[in-house]
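Observations on chain architecture
So the chains spell out like this:
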Amino acid sequence: IQAAKKLLAQGGMEALSTRKLAEEAGLSVHTLYALVGSKEEILDAVMEDNHNRVLSDILQINEEHPIEQIFAIVDSTYSIIAEDSAAQKPLMRVLMTLYYEGNLNPRPWWLLAQEKGWMESAVAEAIRRKLLRPDFPASVIADMLMKIYLANLRDYLFDQASLDAFHDTTIAEFWVCLMGLATDELRPVYLKRAKAATKALR
């Protein structure tokens, strides 16, 4: 995985040949295939490594704070890219392209579905704790938030926005959505957070 990230950083997807990856990892091509498999499976492994990092970041947040969990996927994605943007950006760009073309293979699809599942669980817990109104099913709210997240991530990956803009815009738009769903008691609090996050974009 680390060798794949290094090659991605050096030359993008074009540099990630099986032969080069085997050399970088200090393995024979035969051993590489035996351990990992095809180039697509190597990309899956890198994606799963990122996925596990996001899971780790979410699990560090107490389940009694579901609103913080909702934002964790944005903060974790931002951190992963910021630490190694040269490798992460080309990888995520390819995966995003395949996603919107409908050609993403099952493994990354499953990982993305699991991330949506985490979001849905956090939203459901927020509703249960009366932090959000139960006007809409948790699945509908989670789907909306994931679409916001992916749209802003796509803008960054295809050079329509900076990494900071991806993070700050997504956070602001999340707060605006949650403000509209907040219970009467918390709406002023979420409105204040939404205004502050929106003001930071200017």
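Residues numbered from 1 in each chain as written. Predicted model: local features only at pLDDT ≥ 70, side-chain atom pairs only at ≥ 80, totals over all residues. Heavy atoms only, no water.

A short note on the pattern of salt bridges
Tallied over the full model, the rule gives 12 salt bridges. The partner of Arg19 in a salt bridge is Glu23, and the shortest N-O contact between them spans 3.0 Å. Residue Arg19 and its partner Glu23 are located together in helix H2 (residues 18–25), separated by four residues, close to a single helical turn. When the shortest N-O distance is used, the salt bridge between Asp159 and Lys89 registers 2.6 Å. Residue Asp159 is found in the loop between helix H8 (138–157) and helix H9 (163–181), and its partner Lys89 is found in helix H6 (residues 85–101); the two are separated by 70 residues along the sequence. By relative accessible area, Asp159 is classed as exposed at 51%. Here the residues in one salt-bridge network are Arg53, Asp57 and Glu83, joined through shared partners. (Salt bridge = Lys/Arg side-chain N within 4 Å of Asp/Glu carboxyl O. Helix = DSSP H or I, 4+ residues; strand = E, 2+ residues; numbered from the N terminus. Buried < 20%, exposed > 50% of the residue type's maximum accessible area, 1.4 Å probe, protein only.)

Observations concerning the packing of helix H5 (residues 66–83) against H8
With their axes 11 Å apart at the nearest point, H5 and H8 run at an angle of 20° to one another. When the interaxial angle is binned, H5 and H8 end up roughly parallel. The two elements H5 and H8 meet at a crossing, and its hand is right-handed. Residues Ile70, Ile73, Val74, Thr77 and Ile81 of H5 touch H8, and the partners they reach there are Leu145, Met146, Tyr149, Leu153 and Tyr156. (Axes fitted to C-alpha atoms, helices over the stretch in contact; angles between N-to-C directions. Parallel < 35°, antiparallel > 145°, perpendicular 65-115°, else oblique. Left-handed = near helix turned anticlockwise from the far one by under 90°. Contact = heavy atoms within 4.5 Å.)

Some details on H6
Compared with an ideal rise of 1.5 Å per residue, which puts 17 residues at 24 Å, H6 spans 23 Å between its outermost C-alpha atoms and is within 8% of the ideal. By the burial criterion, the buried members of H6 are Ala87, Gln88, Lys89, Pro90, Leu91, Met92, Leu95 and Met96. Backbone geometry just after H6 places Gly102 at a positive phi near 80°. (Expected span 1.5 Å × (residues − 1).)

Geometric values such as these leave the question of function open.
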